[in-house]
Amino acid sequence: MRVVDLAGRPDLLDAALSLGDVGGQFIYQGASGRMITGERFLRHWARYFLIALDDDGTPMARALSVPLAYPAPDRTELPDHGWDKAIEWAAQDVMDGRAPNALCALEVVIAPHLRGTGLAAPMLKALKARAAETGLRKLIVSVRPIGKEAEPAVPMPEYAARRRPDGLLADRWLRTHERLGARVVKVCPFAVTLAASLADWHDWTGVKLQDGENFIPGGIAPVYASTAYDTATYVEPNVWLEHPM
């Protein structure tokens, strides 16, 4: 495959975005999700939006990332709010004129018919290479473990700690990172937070939520709903991993 970036191939934006989503489409309905799928956001960091092309020039995968300052005097630890906070940090650094020193991967999406074929690792390697090329010292990732969708009720610390008999992490996506040299830093318990009306959740998921705990397609944690208040909240945990250069 050949990897290009959005800066060099702005014409590929729509085709790259059409490759699908990370988890359920609902993830992109919150403030952070809407921000990273906005054209202005994507074109601002176009150099860090990588697209893998097949021999015919058709997008096979995309990897979206943003440069940010970490560590920094006011950022000595990776945030508990994971994905949401990383996006905020990147935007804040632009407004403050602060130079970045790390690259944060926000998503790696493979074309549906190619998932499970080993494309994710080359995309992560391409992100590491882009970080090195642009003078950044590390790649950090708020990882959404792929197998967690099958066990949304299991606490993330328990799930993320599982290892196979050979000692490698049990989750396939976490294991891909580990094989590339990444280390687990910590669980970020509030990586993505979404709150919306019951009608909105039904539109996003096709599920009619009931009072209390609900499990939805593509979710890796429960959605807690209140019919009395006509609201439902989803708080998704992720796992922070760090790739040294």
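Structural data are supplied above this passage.
Now for a description of the structure that goes with this document. (Residues numbered from 1 in each chain as written. Predicted model: local features only at pLDDT ≥ 70, side-chain atom pairs only at ≥ 80, totals over all residues. Heavy atoms only, no water.)

1. Observations concerning the pattern of salt bridges
Here the idea is simple: oppositely charged side chains can pair when their charged atoms come close. Tallied over the entire structure, the rule returns 18 salt bridges. Note that Arg163 and Glu178 form a salt bridge whose closest N and O atoms lie 2.8 Å from each other. Of this pair, Arg163 sits in the loop between helix H6 (156-160) and helix H7 (172-179) while Glu178 sits in helix H7, placing them 15 residues apart in sequence. Relative accessible area serves as the criterion here: at 44%, Arg163 is assigned to the partly exposed category. Look at the salt bridges and you will find they share partners, linking Asp74, Arg75, Asp93 and Arg98 into a network. (Salt bridge = Lys/Arg side-chain N within 4 Å of Asp/Glu carboxyl O. Helix = DSSP H or I, 4+ residues; strand = E, 2+ residues; numbered from the N terminus. Buried < 20%, exposed > 50% of the residue type's maximum accessible area, 1.4 Å probe, protein only.)

2. Points about the packing of helix H5 (residues 120-133) against H7
When two helices pack together, you describe them by how their axes are tilted relative to each other and by the distance separating the axes. Look at H5 against H7: their axes get within 10 Å of each other, and the N-to-C directions meet at 45 degrees. What the angle tells us is that H5 and H7 run oblique. Along this stretch, H5 crosses H7, giving a crossing that reads as right-handed. Across from Ala120, Ala121 and Leu124 in H5, the residues of H7 making contact are Trp173, Thr176 and His177. Partitioning the contact of H5 with H7 into residue classes produces four nonpolar, two polar and no charged. (Axes fitted to C-alpha atoms, helices over the stretch in contact; angles between N-to-C directions. Parallel < 35°, antiparallel > 145°, perpendicular 65-115°, else oblique. Left-handed = near helix turned anticlockwise from the far one by under 90°. Contact = heavy atoms within 4.5 Å. Nonpolar A, V, L, I, M, F, W, Y, C, P; charged D, E, K, R; others polar.)

3. Quick notes on the pairing of strand E9 (residues 231-244)
Most of E9 sits out of view: 10 of its 14 residues are buried. Pairing analysis gives six bridges linking strand E5 (residues 138-143) to E9, with the strands arranged antiparallel. Looking at the pairing, Val141 lines up with Leu241 of E9. One ladder, built from 10 bridges, connects strand E6 (residues 183-196) with E9; its direction is antiparallel. (Pairing = 2+ DSSP bridges.)

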